[in-house]
Amino acid sequence: MSKQLLRCGTSIGANTRESKNAQSRMDFLNKLNIALKEADETEYWLDLLHETGYLADEHYASINADCTELIKLLTSIIKKLKASDEKE
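Residues numbered from 1 in each chain as written. Predicted model: local features only at pLDDT ≥ 70, side-chain atom pairs only at ≥ 80, totals over all residues. Heavy atoms only, no water.

1. Considerations on helix α3 (residues 57–87)
The line we're drawing: Strands are runs of DSSP state E lasting at least two residues, helices are runs of H or I lasting at least four, and both sets are numbered from the N terminus onward. Each helix should span, by expectation, one fewer than its residue count multiplied by 1.5 Å. Partly exposed describes any residue whose relative accessible area lies between the buried limit of under 20% and the exposed limit of over 50%, with all areas from a 1.4 Å probe on protein chains only and scaled to the type maximum. Any two residues whose heavy atoms approach within 4.5 Å are treated as being in contact.
Here α3 spans 44 Å end to end across 31 residues, near enough to the 45 Å set by a 1.5 Å rise per residue. Burial in α3 covers these residues: Y60, N64, C67, I71, L74, I78 and L81. Where α3 is buried, its residues touch α1 (2–19) and α2 (25–51).

Below you can see the structure in the form of structure tokens.
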């Protein structure tokens, strides 16, 4: 479980970083969507590790808050990009 958490958790940053060099606006949006999916998966693994006792309450609360914030940020960016694309 912890390896899955590491894989998807680091993928958030990797895909966000990769979006900086996107070949198009659609590619940029796609990379951010992948990062969002990975953030959602990260949240799942955090919940599972917490529920099974592998992650203490205080660590879980801190890490989960950061993950939730990333999800909110990515969701907001993606929605704004899609809305601006619809206006064009």
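2. Some points on the nonpolar core
Defined as follows: Think of a nonpolar core as a cluster: buried Ala, Val, Leu, Ile, Met, Phe, Trp, Tyr and Cys residues, connected wherever their side-chain atoms sit within 4.5 Å.
Ranked by size, the top nonpolar core spans 18 residues in total, and within it L46 and L74 carry the most contacts. For this core, the elements supplying multiple residues, two or more each, are α1, α2 and α3. For this core, the leading source of residues is α2, giving eight residues. With residues near it in sequence (within four places) discarded, L46 still touches L5, L55, Y60, I63, N64 and C67.

3. Focus: the pattern of salt bridges
Convention followed: Here, a salt bridge means any side-chain nitrogen of Lys or Arg that lies within 4 Å of a carboxyl oxygen of Asp or Glu.
Inspection of every chain in the model, using the stated rule, returns five salt bridges. For the salt bridge of E38 with R7, the shortest nitrogen-to-oxygen distance reads 3.5 Å. Separated by 31 residues along the polypeptide, E38 in helix α2 and R7 in helix α1 bring together distant segments of the chain. For E38, a relative accessible area of 13% puts it in the buried group. Of the charged contacts, one joins E41 and R7 as a salt bridge, the two residues approaching to 2.7 Å between their closest N and O atoms. Here E41 is found in helix α2, whereas its partner R7 is found in helix α1, with 34 residues between them in sequence. The exposure class assigned to E41 is partly exposed, which follows from its relative accessible area of 24%. Taking the relative accessible area as the measure of exposure, R7 reaches 38% and is therefore partly exposed. A single salt-bridge network, built from bridges that share partners, covers R7, E38 and E41.

4. Examining the packing of aromatic side chains
The test is simple: Classification of ring pairs uses Phe, Tyr and Trp, with its six-membered ring standing for Trp, and accepts pairs whose centres are within 6.5 Å; under 30 degrees between planes counts as stacked, over 60 as edge-to-face, and the remaining range as tilted.
For the structure on display, the rule yields one aromatic pair. With a centroid separation of 5.0 Å and an interplanar angle of 70°, the aromatic rings of Y44 and W45 are classed as edge-to-face.

5. Some remarks on the packing of α2 against α3
Using the following cut-off: The axes used here are C-alpha line fits, helices contributing only the stretch in contact, and every angle between their N-to-C directions lies in the interval 0 to 180 degrees. Here roughly perpendicular refers to angles of 65 to 115 degrees, roughly parallel to angles under 35, roughly antiparallel to angles over 145, and oblique to all remaining angles. Here a crossing is called left-handed whenever its near helix is offset anticlockwise from the far helix by less than a right angle, and right-handed whenever the offset is clockwise. Lys, Arg, Asp and Glu make up the charged group, whereas Ala, Val, Leu, Ile, Met, Phe, Trp, Tyr, Cys and Pro make up the nonpolar group; the residues left over, Gly among them, are polar.
Between α2 and α3, the least distance of the axes is 9 Å, while the angle of their chain directions is 155°. One way to sum up the angle between α2 and α3 is to call them roughly antiparallel. Considering how the two elements wind past one another, α2 and α3 form a crossing that is left-handed. In terms of residue class, the contact of α2 with α3 is built from 15 nonpolar, seven polar and seven charged.

Function cannot be inferred from these measures alone, as they are strictly geometric.
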